[in-house]
Amino acid sequence: MSGKADPRPAGEGTTTPRTRLERGRGALGPALELVHTGRAPTRAVLTAELGVTRATAGVVAAELEALGLIRVDARPGAAAGSQGRPSHRLSVAEDGPVVLAAQVHADGFRAALVGLGGRIVATAPGCETVEADPAKVLGSVVEAGADLLSATGRRCVGAGLAVPSAVAEPDGLALNPLHLAWPVGAPVRRIFTECVRAAGITGPAFTGNDVNLAALAEHRHGAGRGARDLLCVATGHRGVGGALVLDGRLHTGSSGLALEVGHLTVNPEGRPCHCGSRGCLDVEADPLALLTAAGREPGPEVSLLKQAIDLIQDHYDDPTVRTATEALIDRLGLGLAGLVNILNPDRIILGGLHRTLFDADPGRLRAVVADRSLWGQSGGVPILACSLDHNSLVGAAELAWQPVLDDPLTALAA
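In this text, all values refer to a predicted model and were calculated from it rather than measured experimentally. (Residues numbered from 1 in each chain as written. Predicted model: local features only at pLDDT ≥ 70, side-chain atom pairs only at ≥ 80, totals over all residues. Heavy atoms only, no water.)

A. Spotlight on the nonpolar core. Membership of the largest hydrophobic core comes to 38 residues, with the highest contact counts inside it found for Val233, Leu290, Leu336, Ile348, Leu350, Leu353 and Leu365. Counting only elements with at least two residues in this core, the list comes to strand 10 (229-235), helix 9 (287-293), helix 10 (304-315), helix 11 (319-343), strand 13 (347-352), helix 12 (353-360) and helix 13 (362-372). The element best represented in this core is helix 11, accounting for eight residues. In this view, Leu290 contacts Ala308, Leu311, Ile312, Ala324, Thr325, Leu328 and Leu353; residues no more than four positions away in its chain are not counted. Val104, Ala111, Cys195 and Ala205 belong to the second-largest nonpolar core, a separate cluster that totals 34 residues. (Core = buried A, V, L, I, M, F, W, Y, C linked by side-chain atoms within 4.5 Å. Buried < 20%, exposed > 50% of the residue type's maximum accessible area, 1.4 Å probe, protein only. Helix = DSSP H or I, 4+ residues; strand = E, 2+ residues; numbered from the N terminus. Contact = heavy atoms within 4.5 Å.)

B. Expanded view of the sheet that holds strand 6 (residues 156-163). Read from one edge of the open sheet, five strands run 5-4-3-6-9, paired in mixed fashion. The outermost strands of the open sheet, each flanked by one partner alone, are strand 5 (120-127) and strand 9 (205-209). Within the sheet, the average angular offset between the axes of one strand and its neighbour, ignoring direction, is 15°. In this fold helix 14 (residues 391-406) packs onto strand 3 (98-105), strand 4 (108-114), strand 5, strand 6 and strand 9, with an angle of close to 140° to the strand it touches most, strand 3. (Pairing = 2+ DSSP bridges. Axes fitted to C-alpha atoms, helices over the stretch in contact; angles between N-to-C directions.)

C. How the structure looks around the state of the cysteines. Taken as a whole and assessed by the stated rule, the structure comprises zero disulfides. Note on Cys156: no disulfide assigned, nearest cysteine sulfur contributed by Cys195 at a separation of 14 Å. Owing to a relative accessible area of 9%, Cys156 belongs among the buried residues under this scheme. Free of any disulfide, Cys273 has its nearest neighbouring cysteine sulfur in Cys275, separated by 3.7 Å. Assessed through its relative accessible area of 9%, Cys273 is described here as buried. (Disulfide = S-S within 2.5 Å.)

D. Representation of the side chain of His219. Assignment of secondary structure puts His219 in helix 7 (residues 210-221). At 2.9 Å, the side chain of His219 and the backbone oxygen of Ala227 are in polar contact. Aside from chain neighbours lying at most four places away, what touches His219 is Gly224, Arg225, Gly226, Ala227, Leu230, Val245 and Gly248. (Polar contact = N/O pair within 3.5 Å; in protein donor to acceptor, adjacent residues only side chain to side chain.)

E. Representation of the pattern of salt bridges. All chains considered together, the criterion is met by 16 salt bridges. Residue Arg71 is joined to Asp95 by a salt bridge in which the shortest nitrogen-to-oxygen separation is 2.7 Å. Highlighted residues: Arg71 in strand 1 (residues 70-73) and Asp95 in the loop between strand 2 (89-92) and strand 3, separated in sequence by 24 residues. Owing to a relative accessible area of 31%, Arg71 belongs among the partly exposed residues under this scheme. On the basis of relative accessible area, Asp95 is assigned to the exposed category, the value being 55%. When the shortest N-O distance is used, the salt bridge between Glu284 and Arg271 registers 3.3 Å. (Salt bridge = Lys/Arg side-chain N within 4 Å of Asp/Glu carboxyl O.)

F. Examining the pairing of strand 3 more closely. Burial within strand 3 is extensive, with eight of its eight residues counted as buried. Residues Val98, Leu100, Ala102 and Val104 line one face of strand 3 and the alternating positions Val99, Ala101, Gln103 and His105 line the opposite face, and both faces are buried. Of the pairings in the sheet, the one linking strand 3 to strand 6 comprises five bridges and is parallel in character. Each residue of the ladder has a partner; that of Ala102, found in strand 6, is Leu161. In terms of strand pairing, strand 3 meets strand 4 through seven bridges, oriented antiparallel. Counterpart to Leu100 in the pairing with strand 4 is Leu113. The loop that links strand 3 with its antiparallel partner strand 4 comprises two residues.

G. Seen up close, unusual backbone geometry. The peptide bond linking Glu169 to Pro170 adopts the cis configuration, its omega dihedral lying at 10°. On the secondary structure map, Pro170 appears in the loop between strand 7 (167-168) and strand 8 (173-174). With phi around 65°, Ala181 is a residue other than glycine that occupies positive phi space. Within the secondary structure, Ala181 is located in the loop between strand 8 and helix 6 (188-198). Assessed through its relative accessible area of 54%, Ala181 is described here as exposed.

H. The packing of helix 3 (residues 43-50) against helix 4 (residues 54-66), seen in detail. Look at helix 3 against helix 4: their axes get within 9 Å of each other, and the N-to-C directions meet at 110°. As far as their axial angle goes, helix 4 and helix 3 are roughly perpendicular. When you trace helix 3 past helix 4, the crossing you get is right-handed. In this structure, helix 3 contributes Arg43, Leu46 and Thr47 to the contact, and helix 4 contributes Arg54, Ala57, Gly58 and Ala61. (Parallel < 35°, antiparallel > 145°, perpendicular 65-115°, else oblique. Left-handed = near helix turned anticlockwise from the far one by under 90°.)

What follows is the structure, given as structure tokens:
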């Protein structure tokens, strides 16, 4: 073998897996996000989406597998009738790291461990009472999450919290936790972070509004996948919230307070609202509004949300229940029409009780929106039900996964 130096310029004809990885290091995050959201089920698709060579895509996928984040099936079975060698299949690692996701709402809280792909690995039974001291509540929910981590032995790389309140940035203050009896401006992000650290859980901690996080989860893993401008409107246990995803990013406004849709007026002579106005969507289209309109006294046995959903699903043939349901559909439709005129989304998804209202009479809701919105005159905007059962929890997990999606090497090293 000659001892002469290779006269070719560095990198020309001498590319190695290591140099390909150096070139593809910036593609690790985008590649992981493509697998995480199900948009790159094979290495061939990954190559095309990233715009890199097949060799570089292979090295990137191998590095993500070495980090324990994805699995690469190098010997997938070929589909019947297909020709050529099938591409390597990519999937998230079922035994990989997890994040702690927590949700607090008017009727309790829940903790879960969530892996990549929006997959819920384990959940802790939800508490049915929420104390007025946020530190006690968040301490309890983090303790439940820590117990899950101890029981499963999984590595945790971060934590996310969903709360039923607008969360002001940059300080993470819950500005209107009216249905929780928490003080206005409670520093929920700081408290949550302190509880996470006290429990010995590593990784960054995040906090966001529950409907914002539901929209984020649905956009990545559910009914909102593929939408460019996605509007989500939902009512959970009390009140109504909204969220907007623009070009794949959650739109929260200049300080995190955008899309407080609950205070759109849909019935000027309606019920007094907590905000001081009257007839807001918040009090005209939530579970309590339905139970009241149907003449049903709310009971303490189960949550208001479950009582309202059960009432529609089990007693829709009752004329009183049907009339109450139609009244809420009409008010919801008025609110959605106003939002369509302002935002011009390409898809609307509905969650919580609104999903049940839509399922009860989709034609009626679509007709109200079409009749009252400018876009309705040119074909209307698609309206769908949310498809994830615990989308706010999954959305809280998305916050915690984001640093890993942005830079897997740095996040996991930390």
